[in-house]
Amino acid sequence: MDWSILWPPQRPGDADPPVWLTEDPYAEAPETILEKEPLSRFLLQFTLFEAIIAAPYHAWTYCMPTASLDALWNLLRPIPLSPFLPTFFAERFFAAPGLLAQVSNDDNELVVSFGALHRGTLTPLLEHRFRWSYFDG
């Protein structure tokens, strides 16, 4: 994958240009897709995505019914951004003290990935009896 912006900007003073995703930049006819967020907000999405991946402790659920996450909505706060990588996974981000979550879902099913700074932050998630594909807590 390759992300890019037009340079130089199309309009003078365009400080927040659109971001383009090229799935395979080395393809014979590469397809580019306009991201939902401009550069400043895209960088926030990318930083959240990388923070979850780089977190020292992780928990990932198997695919489960969307209603399974209802118990966590009082803990997790949505981060007001468009879904990240909407063409592929449409990840939405959520945060709680010491915890980041990314949720990929449709109307019926979802998968959640958590990243935490401390192992103990993940431990209370066991109370929800999710099926875990990976759990560090």
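Structure shown above.
First, a word on scope: everything that follows refers to the structure included in this document. No experiment lies behind these values; they were computed from the predicted model shown.

### Topic: the overall build of the protein chain
Then comes step 1: Helix and strand content of the protein chain: 2 helices and 10 strands.
Then comes step 2: For the protein chain, the α and β elements follow one another from N to C terminus as β-β-β-α-β-β-β-β-β-β-α-β.
Then comes step 3: Counting only C-alpha atoms, the protein chain reaches 55 × 30 × 25 Å along its principal axes.
Then comes step 4: Counting all 137 residues of the protein chain, 31% fall into the buried class.
Then comes step 5: Across the protein chain, every contact between residues at least 6 apart in sequence was considered, and the portion connecting residues at least 24 apart equals 49%.
Then comes step 6: Just so you have it, the protein chain exposes about 8500 Å², and 58% of that area is on carbon and sulfur atoms.
Then comes step 7: If the 8 positive side-chain charges of the protein chain are averaged to one point and the 17 negative ones to another, these points end up 11 Å apart.

### Observations regarding the packing of aromatic side chains
Then comes step 1: Considering all chains together, one arrives at 13 aromatic pairs under this definition.
Then comes step 2: Each ring, one from F49 and one from F84, has its centre 5.2 Å from the other, and the planes form 45°; the classification is tilted. Placement of F49 in helix α1 (residues 39–54) and of F84 in the loop between β6 (77–78) and β7 (92–96) is noted, with a sequence separation of 35 residues between them. Across the pair, F84 and F49 agree in class, each one buried.
Then comes step 3: Their ring planes at 70° and their centres at 5.6 Å tell us that F130 and W132 sit as a pair that is edge-to-face.
Then comes step 4: An aromatic cluster is built from W3, F42, F46, F49, F84 and F93, whose rings are joined through pairwise contacts.

### Overview of unusual backbone geometry
Then comes step 1: Backbone geometry places R129, a non-glycine residue, at a positive phi of 55°.
Then comes step 2: Secondary-structure assignment places R129 in the loop between α2 (119–122) and β10 (132–135).
Then comes step 3: According to the relative accessible area criterion, R129 is exposed, its value standing at 74%.

### Observations concerning α1
Then comes step 1: Along its 16 residues, α1 runs 22 Å from first to last C-alpha, staying within 8% of the 22 Å computed at 1.5 Å per residue.
Then comes step 2: Among all positions in α1, only F42, Q45, L48, F49 and I52 are buried. Burial along α1 is one-sided: seen end-on, the buried residues are contained in an arc of 120°. Residues of α1 that are exposed and angled more than 90 degrees away from the buried face: T47 and A54.

Cut-offs applied
- Residues numbered from 1 in each chain as written.
- Predicted model: local features only at pLDDT ≥ 70, side-chain atom pairs only at ≥ 80, totals over all residues.
- Heavy atoms only, no water.
- Helix = DSSP H or I, 4+ residues; strand = E, 2+ residues; numbered from the N terminus.
- Buried < 20%, exposed > 50% of the residue type's maximum accessible area, 1.4 Å probe, protein only.
- Contact = heavy atoms within 4.5 Å.
- Areas by Shrake-Rupley, 256 points an atom, 1.4 Å probe, with all protein chains shown as cover.
- Lys, Arg positive; Asp, Glu negative; His and termini not counted.
- Charge placed at Lys NZ, Arg CZ, Asp CG, Glu CD.
- Phe/Tyr/Trp six-rings, centres within 6.5 Å; stacked < 30°, edge-to-face > 60°.
- Expected span 1.5 Å × (residues − 1).
- Arc of directions from axis to C-beta.

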